[in-house]
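Listed below, chain by chain, are the residues.
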Amino acid sequence: MHFKFSFIAALTSVAIAAPSRRSPHVLHEKRAADPLDWTSTGRLDANKILPMRFGLTQQNLHRVGEMLMAVSHPESPNYGQHLTPEEIVETFAPSSETISAVTNWLVDSGISRERLRLSGNKGWISLEATTAEVEDLLKTEYHVYSHPSGDEQFGCHNYSVPSHVGEHIDLIRPTVQFNHRPSPLAVRKRGGGLGMPSARTGPKKSSKAVTITPTLATCDEMITLDCLRALYAVNYTPVATAKNSYGIVELTPQSFLAPDLDLFFRNFSPSLVGARPTNVLIDGAVVQTTQQSFDFNGESDLDLEYAMGLTAPQKITLLQTGDLIEGAGFDNWLDAVDASFCTFEGGDDPTQDGIYPDPARGGFKGKESCGIVKPPFVVSVSYGQDESSVTAKFAQRQCTEYAKLGMMGTSVLYSSGDDGVAGGGGVCLNSRHQAVTNGTVFNPGFPVTCPFLTAVGATQVNPGSTVNDPEGACEQVIFSGGGFSNIFAIPSYQATAVGNFLTLHKPPFTAAQFNNSGKSRAFPDLSANGANYVIGIDGEFALVFGTSASSPVVGSLITLINDARLAAGKGPVGFLNPSIYSAQFASGFNDITSGGNQGCGTPGFTATTGWDPVTGVGTPNLTKLIPLFLSLP
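Everything numeric here is computed off the predicted structure, so don't read it as measured data.

1. Details of the state of the cysteines
In total, this model carries 3 disulfides according to the counting rule given. Paired by a disulfide, Cys-219 and Cys-227 hold their sulfur atoms 2.0 Å apart. The sign of the S-S torsion, about -85°, decides the handedness of the disulfide formed by Cys-219 and Cys-227: left-handed. Each of the two residues, Cys-219 as well as Cys-227, counts as buried. The side chain of Cys-399 participates in a disulfide bridge whose partner is Cys-450; the two sulfur atoms lie 2.0 Å from each other. On the sign convention where negative is left-handed, the bridge of Cys-399 and Cys-450, at about 80° about the S-S bond, is right-handed. Residue Cys-399 is located in helix α11 (residues 392-407), and its partner Cys-450 is located in the loop between β19 (445-446) and β20 (454-460); the two are separated by 51 residues in the primary sequence. Side by side, Cys-399 and Cys-450 carry an identical accessibility label, which is buried.

2. Some details on the packing of aromatic side chains
Under the defined criterion, the tally for this structure stands at 25 aromatic pairs. Ring geometry for Phe-484 versus Phe-514: centroids 5.2 Å apart, planes at 45°, classification tilted. Within this pair, whereas Phe-484 is found in strand β22 (residues 483-489), its partner Phe-514 is found in the loop between α12 (492-504) and β23 (520-523), the two being separated by 30 residues in sequence. Residue Phe-484 shares its accessibility class with Phe-514, and that shared class is buried. With a centroid separation of 5.8 Å and 85° between ring planes, the pair formed by Phe-509 and Phe-605 is classed as edge-to-face. Of the two residues, Phe-509 sits in the loop between α12 and β23 while Phe-605 sits in the loop between β27 (589-590) and β28 (619-620), which places them 96 residues apart along the sequence. Of the two residues examined, Phe-509 and Phe-605, each falls in the buried class. Chaining the aromatic ring pairs together yields one cluster made of Phe-442, Phe-484, Phe-501, Phe-509, Phe-514, Phe-605 and Trp-611. Here the guanidinium or amino end of Arg-397 rests over the ring plane of Trp-124, the centre of that ring lying 4.4 Å away.

3. Thoughts on the confidence of the model for the protein
Here the protein shows a mean pLDDT of 88. Residues at 70 or above account for 87%. With pLDDT under 50 throughout, residues 1-10 is counted as low confidence; its partners more than four residues away or in other chains account for 18 contacts. Throughout residues 343-366 the model reports pLDDT below 50, and contacts reaching past four residues in sequence, or to other chains, amount to 102 contacts.

4. Regarding the pairing of β20
Here β20 lies mainly inside the structure; 7 of its 7 residues are buried. Alternating positions in β20 separate into two faces, Thr-454, Val-456, Ala-458 and Gln-460 on one and Ala-455, Gly-457 and Thr-459 on the other, with burial throughout. As paired elements, strand β16 (residues 411-415) and β20 share 3 bridges and run parallel to each other. Residue Ser-415 lies in a different strand from β20, and its bridge partner there is Val-456. Pairing of β20 with strand β24 (residues 526-529), which is carried by 4 bridges, proceeds in the parallel orientation. Residue pairing for β24: Gly-457 is matched across the bridge by Ser-527.

Conventions and cut-offs
Residues numbered from 1 in each chain as written. Predicted model: local features only at pLDDT ≥ 70, side-chain atom pairs only at ≥ 80, totals over all residues. Heavy atoms only, no water. Disulfide = S-S within 2.5 Å. Buried < 20%, exposed > 50% of the residue type's maximum accessible area, 1.4 Å probe, protein only. Helix = DSSP H or I, 4+ residues; strand = E, 2+ residues; numbered from the N terminus. Phe/Tyr/Trp six-rings, centres within 6.5 Å; stacked < 30°, edge-to-face > 60°. Lys NZ or Arg CZ within 6 Å of the ring centre and 35° of its normal. pLDDT = per-residue confidence, 0-100. Contact = heavy atoms within 4.5 Å. Pairing = 2+ DSSP bridges.

Printed below as a string of structure tokens:
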């Protein structure tokens, strides 16, 4: 996104206003964990141009939790009084002092002021610089890393800034961030986008064939729309669809196939045959049909078949993100729905996100997609990574953006992961919290550990049980991701519930295995079925498993709740967690008290009475939740 000269002039004026001073460099950030299976192959070319982005410290960050709770807590007199994007920018924009301090440092270091650009929300300063310039500026070294798959990426192990500048900078990109999960197809690919096929990510396909016609009597073997309606008391038809919105994020090259949707709909929702989502193509995204297999179509087919089926006739917005060359990360879809998060000409992280315009052959040459669509009232994301693979500064900066979306009235949901207490692919940590092959320390996910979004775990209809029996935690093929953050503090809304679990149902593990301080963010927040989903995929039916299914299902039910509120002249529910943890809403959830989430050579945590780090507060009962949310302003 190209900003006008006025922004450059503003940068110049504030920079001149404050005198510069020199001070020694101090360590600002270091890599969260050394990359597993990656090898340093040498120094990065000194003349390579790097798209440097300096994330400026925002004002009023100490008020984020307070402001979000004010519009989200069911007992708040300001519940539902969501903020406008303009109010968000005005509240959190960095101060002139911060802009001056960073600008003067760069100019004093030999960077001409004409090379600097300030983003529209004043949150970022951007600079195109050579590797040699950046290494001198940050007192670091950039190296190239290679993976046996052929994937390559670059970065530094740590970097420093002058002591007087440190308080004015959140983080600098690209530096220490590292994508630990390469794509098997990503040859010479800079970032290895999170949407690329991998055995670690996405729903899991069963080898069991669908040979019978599923019915309510077989929901323990095959989940369908009717099974979910029975499990979660879904008996509501939307009436305010023109006012409502529900977004599903898919990361290219993941994509749906239209014939798969129709195959599913012909059998389970005939009125939707021919229906398609509204495509919002972010950063050169395409709904590709060249690669057709479960690895490329399973996620999108699953998400859309069930989201569209449960919310019909609500129109679903597909937030298809990233081109076929760069792929995408979470910051890319945040850019598209929130212009205040964008930076000049793309401020995303090359190791985590797609950078646009993309100079690679065949890459998207257009501008970064910045604020191209109004944030949907609900957004479901079935992708994730390990918290150990990101730095605290990176995690906190992105987490703040989820809080801002909540302040504006958007419910953001992420699937909690499919490997129990382990990270993606069953990877665990060593005592230094580094990913290793035979680790024994639990490995929580990200962004599900962010306290400003809703993490969704997985349950199952236990074998031999019916939809009228209590579900258990998912223990078929996948295990519900859950645990405790090593970065984020516990939010007030879940302090009592988590304290009760740790006191009344003390886990048989030590502080050497997980953060048992009682002071860290715990997840998931709630759950929904994640086992034996019947989907149409590549022209046939298959069974799939995963929290990848659970998140869009919960998102669908929240969309129905929003419909009821909109029809009553009220607004969307926005950030969910303060409500779902409150005593007022306890009756709206089915408590899950059996099953566990094994991993890291342990049985994992156990589902029990009340909140637990396997299934959260339980599964939703829509018939009970609608009047509870309608009772709020």
